[in-house]
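If you want the building blocks of each chain, they are given just below.
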Amino acid sequence: MSERMITLCVLLMLTGAQGFGILPGDSMSHLEITEAAILNVTVQVCRALAAAEGADFSFPAQPFTVEGVAVACGTTESRKTFRRAIRHIIFHNVRVDLRHALNASFHFDEEMFDQGRNIISQGIEAIKASNEQENYETARQKLGEIIHPLQDFYSHSNWVELKNKLPNSNLLRSGVSIGNLADESRATCRSCDGDNCTNNILEDIIQEKVLTSGYFGIVPISSTKPKGKCSHGGAVDQTSTIEPTGGINKDSFDASHGHLHTEAAKMATAATSELLEDIRSAAGDRPFLQMMGLSKGSNKALCFVIDTTKSMSDEIEAVRTVTTSIIDSEVGTENEPATYILVPFNDPEFGPLIRTTDPKILEMVLNSISIGGGGDEQELSLSGLQLALGGAPFNSEVFLFTDGPAKDANLKNSVTSLIERTQTVVNFIISTSTSPNSRRRRRDDSQQQQSRITASDAQLYRELAQTSGGQMVEVTKTELTEAASIISDTLDSSLVMLLQAARSPGKDDAFSFIVDDSITNPTVYITGSSVTFTLTSPTGESQQSTDATGSLITSSRSVGNLQSLQLRKITGSWEMKMMSTNPYTIKAIGKSPIDFLFDFVEKSQGPFQGYDALDSRPRAGVNGSLLVSFTGSDTATVTEVALVESWGSEEIKGAVQPQGSGNFLVLVDRIPSAEFAVRVKGEDSSSGASMVFQRQSRTNFRSSNLTINADSDGIIDPLTPFSVPFSVMANGAGGNFTIRATNNQLFPSTFPTSLLLETGKTANGTVTLSAPRTTPSGTDVTLTIEAEAPDGEDVNYIVLRSTVINTITDFIQPECQLLTRQSNCSGSVNCSSLMWMIFVRVTDGAEGTGVDHVRLLKGNGTIIIEPAADNKNVTMVLYTSACCSPEMELVVVDKIGNVGTCFYSSDSSSSAALSKSIKVAEASLLVLCIFVFGQQLLTELGLR
């Protein structure tokens, strides 16, 4: 039996598995099933990688937790992105019940077996294509969407009642039978005996192993079903009162077939694991872990947006030096980014976006940047930033270098929206004149004029930096390196935000933050001119900004308008009193494993109760909800959550409700109308003593009086226009609202440029995209639809991710044929001196897309893989191993992502793939192979 099959059997036998609600409870929920399967498979992947690298692997304690699995996988720096990836998958799983509640295909209701299987198999194609293009965010979204119907199959159909002991693997593939399906006219159920539905499925259905599922409807008048068919069952299902009455679902212990709830939940967990294993096999182990947010380095992108106009001639060499230094400081560390992005800009051009995973390539491109363009003082800085943000994954870092104001300040709202949804940090490094009297060359070099950026220009950059949790630093050319060095210290992925605030105009104010036991290297950053402060420690000791001999600040650095203060670690509440009439920002950070994740959520308005994560801004001035969880601790609890105004002092505290599984629902009476951050206070007792801590979101957020909704199936066929209907409603004043629709691939699109809205009424529109026919499968298309009020003061947006999938006709798995096996293995205890060998022909069939790659899933021998010279669909595999490792398993993936596995052993009687004869042509290939690999190899193995 293969290792994958053993894993599935173990999952089916696990105790404690229970149900199918969308919220945790006594029964097992979609959330718990999904997380359990992800953790189980991730552990197996990490164990396999450790074995392949000859490293030790220690299983985490049962039951598996996100923290435990991250530690076991040796990627503790990625545990926040790991938990976020799981949350993202679960949110999209739960969303199926909230947004497709009455679509039977998404739940395998009403015997919609082919339709449900198509949702799953097409989704798998999209996931594999996305992973191939390293579009992991899109892959996670689609994974959550298809896991839901896959899990529902085992609760809503009679698969479990038919005494099946393993998942239905054919649900993952197109073009194959998933079972003996009930005819439309065939009766499948009898009425339940009161509340007892134990035996309501007809005996002939069970005996003939006919597959059926229940009908479901919530509207009394229109809910119906064919004569003799089963119902889903339950108080909401109106069909369950129609003969035959009752139902067959196993969603919970008190469901119609609740006596089989545990067995169905186990089966759903195993089926989810089987799906994940199939995706893993196609992607490979390391890409699979990246999809799950786990990697040795960081999952973020490091982005550089650089002004290349003539005025930067004197600074460009310093910029090259600075960017190279930042890149080199990250290479080989836990913070090494997965991707590097470069976007040049000037006037009238910006771009292209240059993306690479190789830092040396980016440095070569940096060195080849040419200077030119311009003509006035302003540059297309926000256009360049918008392009970089559109191509960057979640939680990336951007450094923007310029010496001029933004010519495209009208893009501020769009850029702010991108910062919010990607939660990317943007640092602006503004090169200024060396003195107020120095002058800057005009772009045409014909005249001289003053170059300093005005206060309003600086405020635009300052506000965008504050929104992102970054810095806006004004320095001279000679100070660029020092400024970048200070800011690059904030790139460490283990840093957490303790406090951030801004005041513009400046005013005297006091700010507090907590340094807890888990914090190391507490540091305060201040930007602004003519700023003084008084720092007070938890012990009551104070230090003035003018006091260089105080004991609270162990070191300080200052350059341009930026100060960095390293604090002596004293646990407790600190206070910083700021004194200035000029605009300033203050941030307190430190290193800690404990941080938090949150999403704005809204309560479902449909038939199922649950919370859906918002893809847009929350509504201003009304009550709202957040779902909060911690990373770095399995025992931390939330004690307080507040929405804190970014540029003022207002705080709105919420009511905290524990939800189980480490989640906390927070209800606030009012979402602020002004920009705000989220501050969380909590307690942790993992070290024995209770520890109080405080964290704040790095990204700042805005609310809106506009509501915008849109949805799509997320798969784009280049042969067909892709339409996305959307709706907008003004909760405040009406008027003519501007509509913008942008996509990161710059595909041609059509949409209404404006909508006339009346207060409280909805207006509809449609965005239609046209993907070029040559667009590769797996291309990620991120569509952002924005609505802006007539005065430009209120904007809301919604973001939808889709994947381009070209028409697929190859649904057949690659296959293996054993050509020969030679073995000297016997019962001898000296197995290390004895060898065995197999020679295998791998093919994707005459009509297949071709073998993409072959890899060893199990075995400690030597493998040689060579494509056949005369057939693109054939690959030859020679495997040799000591008899101490008597089994091997191959994973074969074709170019479309279909996965086949082949299992062999040194014992000819144990291999189902043993060939009884070898054709003449195949024998010729064997002779050729032996010639290529060398007679000496066979001699050394003792097989001649």
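Trainee: Explanation requested: the sheet that holds strand E24 (residues 651–653) in the structure shown.
Mentor: Within a beta sheet, neighbouring strands are joined by backbone hydrogen bonds and run either parallel or antiparallel to one another. Spatially, the four strands line up as an open sheet ordered E24-E23-E27-E28, and their pairing is antiparallel. The open sheet has two free edges, formed respectively by E24 and strand E28 (691–696), since each of these has just one partner strand. When strand polarity is set aside, the average angle formed by the axes of neighbouring strands in this sheet is 20°. As paired strands, strand E23 (residues 637–645) and E24 are joined by three bridges and run antiparallel to one another.

Trainee: Is there a simple way to explain helix H6 (residues 136–156) in this structure?
Mentor: Note on helix geometry: an α-helix contains 3.6 residues per turn, so any two residues three or four positions apart are oriented the same way. Relative to the 30 Å expected for 21 residues at 1.5 Å per residue, H6 spans 30 Å between its end C-alpha atoms, a close match to the ideal helical length. Within H6, 21 of the 21 residues are buried, which leaves it mostly tucked inside the rest of the structure.

Trainee: What exactly am I supposed to notice about the state of the cysteines here?
Mentor: A covalent bond between the sulfur atoms of two cysteines is what we call a disulfide. In this structure the tally under the stated criterion is six disulfides. In this model, Cys-192 is linked to Cys-197 through a disulfide, with the two sulfur atoms separated by 2.0 Å. Its torsion about the S-S bond being 110°, the disulfide of Cys-192 and Cys-197 is classed as right-handed. Considered together, Cys-192 and Cys-197 belong to a single accessibility category, that of buried residues. At a sulfur-sulfur separation of 1.9 Å, the disulfide partner of Cys-825 is Cys-883. For the disulfide bridge between Cys-825 and Cys-883, the dihedral angle about the S-S bond is near -90°, and by the sign convention the bridge is left-handed. In this pair, Cys-825 sits in the loop between strand E38 (815–823) and strand E39 (835–843) while Cys-883 sits in the loop between strand E42 (874–882) and strand E43 (887–894), placing the two residues 58 residues apart along the sequence. Accessibility expressed as a relative area gives 25% for Cys-825, which makes it partly exposed.

Trainee: What am I meant to see in the side chain of Asn-796 here?
Mentor: Its place among the elements puts Asn-796 in strand E37 (residues 795–804). Overall, the relative accessible area of 1% leaves Asn-796 in the buried class. Among the polar contacts made by the side chain of Asn-796, one reaches the main-chain carbonyl oxygen of Leu-706 at a distance of 2.7 Å.

Trainee: What is the right way to look at helix H4 (residues 79–99) in this model?
Mentor: With 21 residues, H4 extends 30 Å between its outermost C-alpha atoms, agreeing within 8% with the 30 Å of an ideal straight helix rising 1.5 Å per residue. Burial analysis of H4 places 18 of its 21 residues in the buried class, which makes it a mostly covered element.

Trainee: Would you mind showing me how to read the pairing of strand E29 (residues 706–710) here?
Mentor: Two faces make up the sheet, and in a regular strand the side chains alternate between them. The side-chain alternation of E29 yields one buried face, formed by Leu-706, Ile-708 and Ala-710, and one unburied face, formed by Thr-707 and Asn-709. Where E29 lies against strand E31 (residues 722–730), five bridges are found, and the strand directions are antiparallel. If you follow Ala-710 over to E31, its bridge partner there is Phe-726.

Trainee: In this structure, what is going on with the confidence of the model for the protein? I would like to understand it.
Mentor: Looking at the protein as a whole, the pLDDT averages 86, with 89% of positions reaching at least 70. Across the protein, the element-wise mean pLDDT spans from 35 in strand E9 (residues 448–449) up to 98 in strand E2 (residues 210–211). For residues 1–19, every residue scores under 50 in pLDDT, and the model assigns this stretch 52 contacts once sequence neighbours within four places are set aside. Segment residues 910–944: pLDDT under 50, and 40 contacts once partners within four positions in sequence are set aside and those in other chains are kept.

Trainee: What is the right way to look at the sheet that holds strand E22 (residues 624–631) in this model?
Mentor: In spatial order, the strands read E21-E20-E22-E26-E25; together these five strands make up an open sheet with antiparallel pairing. Edge strands, defined here as strands with exactly one partner in the open sheet, are strand E21 (611–613) and strand E25 (655–660). The mean inter-strand angle of the sheet, taken between neighbouring strand axes irrespective of direction, is 35°. Sitting on the sheet, H4 touches strand E20 (595–603), E21, E22 and strand E26 (663–668), and the angle it makes with E20 is about 10°.

Trainee: I tried to follow the environment of Lys-412 on my own but got confused; where do I start?
Mentor: Within the element layout of this structure, Lys-412 appears in helix H13 (residues 412–422). With 48 residues separating them in the primary sequence, Lys-412 and Leu-460 have C-alpha atoms 8.0 Å apart. With sequence-adjacent residues up to four places away left out, Lys-412 is seen in contact with Leu-382, Leu-460, Glu-463 and Leu-464. Polar side-chain contacts of Lys-412 include one of 2.3 Å to the side chain of Glu-463.

Trainee: Can you walk me through unusual backbone geometry in this structure?
Mentor: Omega for the bond connecting Gly-351 with Pro-352 falls within 30 degrees of zero, at 5°, which places this linkage in the cis form. With respect to the helices, strands and loops of the structure, Pro-352 is situated in the loop between strand E4 (339–345) and strand E5 (354–356). Even without being glycine, Lys-163 reaches a positive phi, approximately 70°. Structurally, Lys-163 is set in the loop between H6 and strand E1 (180–181). Exposure remark for Lys-163: the relative accessible area of 61% places this residue in the exposed category. Phi is positive for Ser-530, close to 55°, though the residue is something other than glycine.

Trainee: Looking at this structure, how should I read the nonpolar core?
Mentor: The nonpolar side chains of soluble globular proteins are, as a tendency, buried together. In this structure, Phe-82, Leu-143, Tyr-154, Leu-275, Phe-288, Met-291 and Met-292 are the most contacted members of the largest nonpolar core, which totals 55 residues. When contributions to this core are tallied by element, the ones reaching two or more residues are helix H2 (30–52), helix H3 (66–72), H4, helix H5 (113–132), H6, helix H8 (261–283) and helix H9 (285–291). Per element, the largest residue contribution to this core is 11 residues, and it comes from H2. Contacts of Leu-275, omitting those with residues within four sequence positions, involve Ile-124, Leu-143, Ile-146, Ile-147, Leu-150 and Leu-172. By size, the runner-up hydrophobic cluster in this structure holds 32 residues, among which are Ala-318, Leu-366, Val-473 and Met-497.

Trainee: I would appreciate a short explanation of the pattern of salt bridges in the present structure.
Mentor: Opposite charge on two side chains allows them to pair when their charged atoms are near. One pass over the full model with this rule turns up 43 salt bridges. Between Asp-599 and Arg-87 there is a salt bridge, with its nearest N and O atoms 2.5 Å apart. Of this pair, Asp-599 sits in strand E20 while Arg-87 sits in helix H4, and the two are 512 residues apart along the sequence. Asp-599 gets classed as partly exposed once you look at its relative accessible area, which sits at 24%. Each of Arg-95, Arg-99, Asp-612, Asp-615 and Asp-711 takes part in one network of salt bridges that share partners.

Scoring rules and cut-offs
- Residues numbered from 1 in each chain as written.
- Predicted model: local features only at pLDDT ≥ 70, side-chain atom pairs only at ≥ 80, totals over all residues.
- Heavy atoms only, no water.
- Pairing = 2+ DSSP bridges.
- Helix = DSSP H or I, 4+ residues; strand = E, 2+ residues; numbered from the N terminus.
- Axes fitted to C-alpha atoms, helices over the stretch in contact; angles between N-to-C directions.
- Expected span 1.5 Å × (residues − 1).
- Buried < 20%, exposed > 50% of the residue type's maximum accessible area, 1.4 Å probe, protein only.
- Disulfide = S-S within 2.5 Å.
- Polar contact = N/O pair within 3.5 Å; in protein donor to acceptor, adjacent residues only side chain to side chain.
- pLDDT = per-residue confidence, 0-100.
- Contact = heavy atoms within 4.5 Å.
- Core = buried A, V, L, I, M, F, W, Y, C linked by side-chain atoms within 4.5 Å.
- Salt bridge = Lys/Arg side-chain N within 4 Å of Asp/Glu carboxyl O.

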